[in-house]
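Residues per chain are reported as follows:
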Amino acid sequence: TRVGVLISGTGTNLQALIEQARRPSSCAEIVVVISNRPGVQGLKRASMAGIQTRVVDHKLYGSRAEFDGTIDRVLEEFGVELVCLAGFMRILTGTFVKKWTGKLLNIHPSLLPSFKGVNAQKQALQAGVRVTGCTVHFVAEEVDAGAIVVQEPVPVLAHDTEESLSDRIREAEHRAFPTALELVAGGSVQLGDDGHILWKTQN
Ligand code: GRF
């Protein structure tokens with residue numbers, strides 16, 4: 001499966017996906033990495049891995065629709081079949097999400113539906129939960145609300161700060177996202193017409 005990865009920054013999740021796609025057993029081939037911000041470390045990671053990169057700088061577009069339209073054109077140019085949002089910090093328009101429904105995965109640093117939105121790690125600390133985690137889900141029009149593919153629990157420790165907890169969650173992300181990528185790229189899991197996960201029985 002031809003995979004496009006969208007990033008905005010460091011790209012540690014991208015790095016985990018690159019390493020997963022390199023495995024001989026992988027069903028995924030990352031064919032392009034697109035960043036909405038120039039010069040970020042994630043772009044260097046892609047180039048080091050020999051993957052083509054594009055920058056689509058959201059500041060250069062007058063509207064979300066035009067920005068999303070350019071992203072869409074790049075994905076089509078590379079024949080992308082599955083899109084992974086790996087630390088991508090933009091909200092995509094309904095038109096884009098509709099077109100890529102069932103082919104768009106996102107990672108969120110909490111056990112959805114708990115702690116949607118930004119600073120999910122901080123929300124968990126403030127709520128006093130003893131277990132949080134990360135979620136890989138299909139992107140739906142409602143933010144952080146699509147069908148869940150993979151989750152991994154992460155303990156909250158007594159002296160955790162937002163940073164120490166985020167680091168521990170990110171380690172889980174680097175396992176969860178590659179697992180979800182293979183499930184979807186390999187056809188074990190797809191998004192059903194009812195918006196729920198459909199596990200394909202492998203005949
Ligand atoms: C991660 O913390 C992830 O939970 C969130 O964005 C951050 C991106 O990290 N979606 P990286 O760019 O993949 O290192």
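A brief look at the structure comes next. (Residues numbered from 1 in each chain as written. Predicted model: local features only at pLDDT ≥ 70, side-chain atom pairs only at ≥ 80, totals over all residues. Heavy atoms only, no water.)

Under the counting rule described, the total for this entry stands at two aromatic pairs. A centroid spacing of 6.1 Å and a plane angle of 70 degrees characterise the contact between Tyr61 and Phe67, whose relative ring orientation is edge-to-face. Classification of Phe67 by relative accessible area gives buried; the value is 2%. For Arg90, the ring lying beneath its charged end belongs to Phe67, and the centroid distance is 5.4 Å. (Phe/Tyr/Trp six-rings, centres within 6.5 Å; stacked < 30°, edge-to-face > 60°. Buried < 20%, exposed > 50% of the residue type's maximum accessible area, 1.4 Å probe, protein only. Lys NZ or Arg CZ within 6 Å of the ring centre and 35° of its normal.)

Moving on: the state of the cysteines. A complete count under the given rule lists zero disulfides for this structure. Between Cys27, a cysteine without a disulfide, and Cys84, which holds the nearest cysteine sulfur, the sulfur-to-sulfur distance is 13 Å. Here Cys134 is not disulfide-linked; the sulfur of Cys84 is the nearest cysteine sulfur, at 14 Å. Since its relative accessible area comes to 0%, Cys134 is described here as buried. (Disulfide = S-S within 2.5 Å.)

Let us look at the environment of Thr10. Relative to the assigned elements, Thr10 resides in the loop between strand 1 (2-7) and helix 1 (12-22). In this structure, the C-alpha to C-alpha distance between Thr10 and Gln41, residues 31 residues apart in sequence, is 4.9 Å. The residues contacting Thr10, other than those within four sequence positions of it, are Gln41, Gly42 and Arg45. (Helix = DSSP H or I, 4+ residues; strand = E, 2+ residues; numbered from the N terminus. Contact = heavy atoms within 4.5 Å.)

Close to the ligand lie Thr10, Gly11, Thr12, Asn13, Gly87, Met89, Ile107, Pro109, Arg170 and Glu173, which account for all nearby residues. Taking Arg170, its side chain carries an N or O atom lying 3.1 Å from an oxygen atom of the ligand. Interatomic distance of 2.5 Å between a side-chain N/O atom of Glu173 and an oxygen atom of the ligand. Protein contacts shield 89% of the accessible area of the ligand, which totals 360 Å² for the unbound molecule. Of all the elements in the fold, those that place two or more residues in the shell around the ligand are helix 1 and helix 6 (162-185). (Near = heavy atom within 4 Å. Polar contact = N/O pair within 3.5 Å; in protein donor to acceptor, adjacent residues only side chain to side chain. Areas by Shrake-Rupley, 256 points an atom, 1.4 Å probe, with all protein chains shown as cover.)

A rise of 1.5 Å per residue sets the reference length of helix 3 (residues 64-77), with its 14 residues, at 20 Å; its end C-alpha atoms lie 20 Å apart and thus fit the reference within 8%. Those residues of helix 3 that fall on the buried side of the exposure criterion are Phe67, Asp68, Thr70, Ile71, Asp72, Val74 and Leu75. Where helix 3 is buried, its residues contact strand 1, strand 2 (29-35), strand 3 (52-55), strand 4 (82-85) and helix 4 (94-99). Positive phi shows up at Gly79, right after helix 3, with a value of about 65 degrees. (Expected span 1.5 Å × (residues − 1).)

For the rest of this paragraph, the subject is the nonpolar core. One broad rule of soluble globular proteins: the nonpolar side chains tend to lie buried together. In terms of nonpolar packing, the biggest core is built from 42 residues, with Val5, Ile30 and Val149 touching the most fellow members. In terms of residues, this core owes the most to one element, helix 6, which gives ten residues. Sequence-distant contacts of Val5, defined by excluding residues within four places in its chain, comprise Leu14, Leu17, Ile30, Val32, Val33, Ile34, Cys84 and Ala86. If you look at the next biggest cluster of nonpolar residues, it comprises 20 residues, including Ile34, Val74, Val83 and Leu104. (Core = buried A, V, L, I, M, F, W, Y, C linked by side-chain atoms within 4.5 Å.)

Among the eight residues of strand 6 (residues 131-138), seven are classified as buried, and the element is accordingly described as predominantly covered. Taken together, the four bridges between strand 5 (residues 104-108) and strand 6 define a ladder with antiparallel strand orientation. Directly across from His108, in strand 6, lies its bridge partner Thr135. Here strand 6 runs beside strand 7 (residues 148-155); their pairing, made up of seven bridges, is antiparallel. Note on strand 7: the bridge partner recorded for Gly133 is Pro153. (Pairing = 2+ DSSP bridges.)

This part is about the sheet that holds strand 7. With mixed pairing, the seven strands of this open sheet are ordered in space as 3-2-1-4-5-6-7. Each end of this open sheet is capped by a strand with a single partner; those strands are strand 3 and strand 7. Averaged over all pairs of adjacent strands, the angle between strand axes in this sheet comes to 20 degrees, irrespective of strand direction. Note: strand 4 against strand 5, three bridges, orientation parallel. In the sheet register, Val83 faces strand 5, and the bridge partner there is Leu104. With respect to the sheet, helix 6 is in contact with strand 1, strand 4, strand 5, strand 6 and strand 7, its orientation differing from that of strand 7 by roughly 155 degrees. (Axes fitted to C-alpha atoms, helices over the stretch in contact; angles between N-to-C directions.)

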